[in-house]
Each structure stands twice: as C-alpha cells, then as structure tokens.
Amino acid sequence: MKSPPPRPRARQFITSQGALFAVSALAIGFAAVNTGNNLSYLFFAVMLSFLFLGALIATPGMKKISVERAIPRHIHAGEPFAVTLALWRPRAWLPVYSIRAVDLFENDAVAGACYFLRVSPREKTESSYVLQINRRGIYRLSAARLVTTYPFGFFRRTV
C-alpha cells in the first residue's frame, strides 16, 4: 500500500514591520526596567502579547488547507485563459482569513496569484487569475504556495 505524500511544512518569517515592532517592544522594556514606571511595564507586556499571539494564531490553520486547480482543456499560444484555484478545509471547524495563493511553474516562476479573504470550514472557496502562454510547448504547474500575514502582519507564513 502506497503512503500518502507528506504534508508541506509551514515556514514562518518575521516581516520588517514585525522586526520594528519587536525592537520597539524591547526598547520600551529596557526603559521600563531602568525607570521602574508601571505604565512602561504595561506597554511592554501588551506589545509582547501582540507578538506572541501573532506568531501563534494563523500557523495551525495553514497546514490543513487543500488546493485544487482547474485549467481549460484546450489552450492556445498567445490567448489568455482563466485558471481557477479552489481552497477548502475538509476537517476543520474554524475559518482561516487573508490567504494569498501563488501558483508556480516547475522552475518556481510565478504563474499567477489569487487572494482569499476567508476560507470557511468544509466549503470550497474559488478565485481565478488570467494566464497567457506566449509560446507553444509543455508548461507544468507545480504546487501552489499559500502565504498569509494574518492577523497583525508581524509574521509571514508560507506553506
């Protein structure tokens, strides 16, 4: 019996806004320790909680998303055609918000991208983009890359 392919690993990177926010939080924390001001400690704690919540909220939901692609049967060189991407979460009970699906060719060149505001559990959400192939030949699309910066934009998660 053949085992199913392994699920892609989610990667998380800090954005430039997240790095600026973390440096600001550390500066306020340093000022709170030096001055002993309770309000500075409160600001430091709130800023750290935003960083930790932003790092934890969207990561579990990104791993359970399935992507389906629909391409027209006949494609002619030089004519644009629509590629439809459908996202759905078959075994989830909470929605996922603000996802960008980037469709890639085999050589990691970007074919197109779709934005999904909300992917509801157990429902397919579809969006499409227009692609034009200028020369004849075989073009293979690889897996789609899912990217989100939800909820605060401090971290970028990709699957």
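Structure shown above.
A brief report on the enclosed structure follows. (Residues numbered from 1 in each chain as written. Predicted model: local features only at pLDDT ≥ 70, side-chain atom pairs only at ≥ 80, totals over all residues. Heavy atoms only, no water.)

Secondary structure assignment for the protein chain yields three helices and eight strands. In terms of C-alpha radius of gyration, the protein chain reaches 21 Å, well past the compact-globule figure of 15 Å for 159 residues. Along the three orthogonal principal directions, the C-alpha set of the protein chain runs to about 70 × 35 × 30 Å. For the protein chain, buried positions account for 33% of its 159 residues. Sequence-distant contacts in the protein chain: of pairs separated by 6 or more residues, those separated by 24 or more amount to 62%. (Helix = DSSP H or I, 4+ residues; strand = E, 2+ residues; numbered from the N terminus. Rg over C-alpha atoms; globule rule 2.2 N^0.38 Å. Buried < 20%, exposed > 50% of the residue type's maximum accessible area, 1.4 Å probe, protein only. Contact = heavy atoms within 4.5 Å.)

Moving on: the nonpolar core. What tends to happen in soluble globular proteins is that the nonpolar side chains get buried as a cluster. Residues I65, L87, I99, F116, Y129, L131 and L146 are the most contacted members of the largest nonpolar core, which totals 19 residues. If you list the elements that add at least two residues to this core, you get strand 3 (80–88), strand 4 (96–105), strand 5 (110–119) and strand 6 (125–132). Among all residues touching Y129, those that are not within four sequence positions of it are F81, A82, V83, L85, D103, A111, G112, A113 and C114. Judged by nonpolar contacts, the second largest core, of five residues, contains L51, A55, F154 and F155. (Core = buried A, V, L, I, M, F, W, Y, C linked by side-chain atoms within 4.5 Å.)

What follows is about the environment of A109. Along the chain, the position of A109 falls in the loop between strand 4 and strand 5. Residues A109 and S142 lie 33 residues apart in sequence; the distance between their C-alpha atoms is 9.9 Å. Leave out the neighbours within four places in its chain, and A109 touches D103 and L104.

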